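# Geometric and topological summary
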Amino acid sequence: QNWPVYGGDAGNTRFSQSTEINTSNVNKLKVKWALQLGSLRSQESTPILVGDTLYVSSSFGPKNTFALDARTGQIRWQYSPDVPKGIDQYACCDVDNRGVAYNDGKIFVGRLDANVAALDAKTGKELWVTKIVDYTQGSVITSPPTLVKNLVITGYGGGEYGARGALVALDQATGKEVWRTYTTPLPGEKNSDTWKGDSGKLGGGAAWFVGSYDPKLNLVYYGTSNPSPWAAIVRGSDSSDIGPYTNLYTSSVIALNPETGNIVWHYQFTPHDAWDYDGVNELVFADLPVQGKKTPVIMTANRNGFFYVLDRANGKLISAKQFIDGVNWATGIDMKTGMPIEAADNAKRPGAKRKATNICPALLGGKNWMPMSYDHVTGLVYIPTLNMCMDEVGEVANYTRGAFYLGVNFNMHEAGDSGYLGGVKAWDPVAQKTVWFNKDKLPWAGGMLSTAGGLVFHGDIEGWFKALDAKTGKTLWKFNAGSGISAAPMTYTLDGKQYVAVVAGRTESIPAFAAAIGEKMVAASPEGGALYVFTLN
Ligand SMILES: O=C(O)c1cc(C(=O)O)c2c(n1)C(=O)C(=O)c1cc(C(=O)O)[nH]c1-2
């Protein structure tokens, strides 16, 4: 019933069996306590609960991590590492921190300066700090690590900076590096023929979001970012006939053996990406019927607009369907090859000096990192979706260490006259179809929480924190947190009492990517930074 890890469990389902708060009483939910997080930059953390202590992180400011009495919010300790001056310029999408991880008396923090720290969970004392990568190449850590057996596994960012992505495993006890697996090959290495020349060296594939772990199959799963630069011609072909240049393992999911770091299987969502369709979105576990047989699967709602169901043991594609309206860069996924069927005649592929217009979805995707939830009772997935399109044109891509390496100009805009920019969708992952859809005139709905109380909780960019009826999508209760909510909520039970927690603090950097839509996002609510905890009176 509790919440020991960022995604609720190792399969990122964000589902709680708790039923004290349910459809019949949620209208009586009240704030029990709140905590100011000390920073007005994008707040994206989901707290975790260990014993009666809640651990929550803040975007960088004077504070990073708080340990709190989960009943009262009283601070037990704070961890405030020095933040190097000017580090913002290396964080493409703000100075985020999405949370921490716990095992065996230690809290593990992935820091913006690309170090991982282990803290004494009782006192906050730093036990060790290990540098993962030099952040001045444009690689910051914004997400909690994945803990597997005696290991702390983390990726880092840099897909917009020409970083070469990797996953790195440290020993939990000592912080010593155990293995490092790069996500793009150098010449001569396996799959290097999927890259033009040595372009894999600056090839992106950054694993900047969270991993999943299946202890039965003993596999760790991570999604990887877009390839670098966005200008595809640098990495291979300039047309939708991509030839051998798929650019493995970018915009992919990779399954790794945690003992060795070896890649056991991979599936690439967007071969030779030209649209910033990172493949990092959370990989959610379920056991779904496949040809009459209960099968362990991964479900993911990809930036590229398709909802994928993959066999968790071998990466085999089970199904893939558009989960948002208007996807047009590809018309579908070929079930035999697993490859997208791209729009004909380079229509949606920007090239050197070649403009592609009205590409849907836009670079922020049909869904960004804000996590979905999987409800074990309804069998549905609840997805914060986006509905935006873009024009793109290729220009010159020059690499400068620590600077954006795109080689493409873009302009995001509304999806025709659809009248909505996002919304929350209930999705049947077996039938691969919409069950209900709450359209929103603004984009950037927050991450989701499902409970056995028949509820779905999520926030939005205006600061509304809502409880929906999981069956119908009807809003049963809402509270305005005073600043936009991107973070996913969590719930926990202590002394027989159920609490619901959510972090508010509007995205600060993302509107800059979204032109006129960005102005609407900024106007939706002021910046903020607070944790709210709710109970029934
Ligand atoms: O390629 C990368 O390294 C990278 C990192 C991050 C990040 O670490 O937050 C984002 C993105 N890309 C990205 O493409 C993106 O849309 C995005 C949104 C956000 C956010 O916090 O709202 N981060 C990121």
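In this report, we go over the structure that sits alongside the text. Predicted model only: the values in this text are computed from it and were never measured. (Residues numbered from 1 in each chain as written. Predicted model: local features only at pLDDT ≥ 70, side-chain atom pairs only at ≥ 80, totals over all residues.)

## Regarding the overall build of the chain
Looking only at helices and strands, the chain features one helix and 38 strands. Taking 2.2 N^0.38 as the reference for a compact globule, 537 residues should give roughly 24 Å; the C-alpha atoms of the chain span a radius of gyration of 21 Å, in line with that estimate. With 537 residues in all, the chain has 59% of them scored as buried. By sequence separation, contacts in the chain at least 24 residues apart represent 61% of the contacts at least 6 residues apart. (Helix = DSSP H or I, 4+ residues; strand = E, 2+ residues; numbered from the N terminus. Rg over C-alpha atoms; globule rule 2.2 N^0.38 Å. Buried ≥ 20, exposed ≤ 12 C-beta atoms within 10 Å, placed from the backbone. Contact = placed C-beta atoms within 7 Å.)

## Regarding the site of the ligand
Taken together, 21 residues surround the ligand, and among them C93, T142, G157, G159 and S225 come closest. Looking at side-chain class alone, the shell around the ligand contains seven nonpolar, eight polar and six charged residues. (Near = placed C-beta within 6 Å. Nonpolar A, V, L, I, M, F, W, Y, C, P; charged D, E, K, R; others polar.)

## Description of the nonpolar core
In this structure, F108, I298, Y382 and M388 are the most contacted members of the largest nonpolar core, which totals 166 residues. Examining the composition of this core, we find that six residues originate from one element, strand β37 (residues 497-504), more than from any other. Apart from the residues within four sequence positions on either side, Y382 is in contact with M372, S373, D375, V424, A426, M448, S450 and V456. (Core = buried A, V, L, I, M, F, W, Y, C linked by C-beta atoms within 7 Å.)

## Considering the environment of C93
Here C93 shows up in the loop between β6 (75-79) and β7 (101-103). Exposure remark for C93: the 22 C-beta atoms within 10 Å place this residue in the buried category. Between the C-alpha atoms of C93 and F307, which are 214 residues apart in sequence, the distance is 24 Å. Setting aside its immediate chain neighbours within four residues, C93 contacts S509 and I510.

## Describing the pairing of strand β8 (residues 106-110)
In terms of burial, β8 is largely enclosed, as four of its five residues are buried. As paired strands, β7 and β8 are joined by three bridges and run antiparallel to one another. The residue bridging A101 from the neighbouring strand is F108, located in β8. Between β7 and β8, which pair antiparallel and follow one another directly, the connecting turn spans two residues, one of which, D104, has a positive phi of 45°. Strand direction decides the pairing type here: β8 and strand β9 (residues 115-120), joined by five bridges, are antiparallel. What sits directly across from G110, in β9, is V116. What sits between β8 and β9 in their antiparallel hairpin is a turn of four residues, with A114 showing a positive phi close to 65°. (Pairing = 2+ DSSP bridges.)

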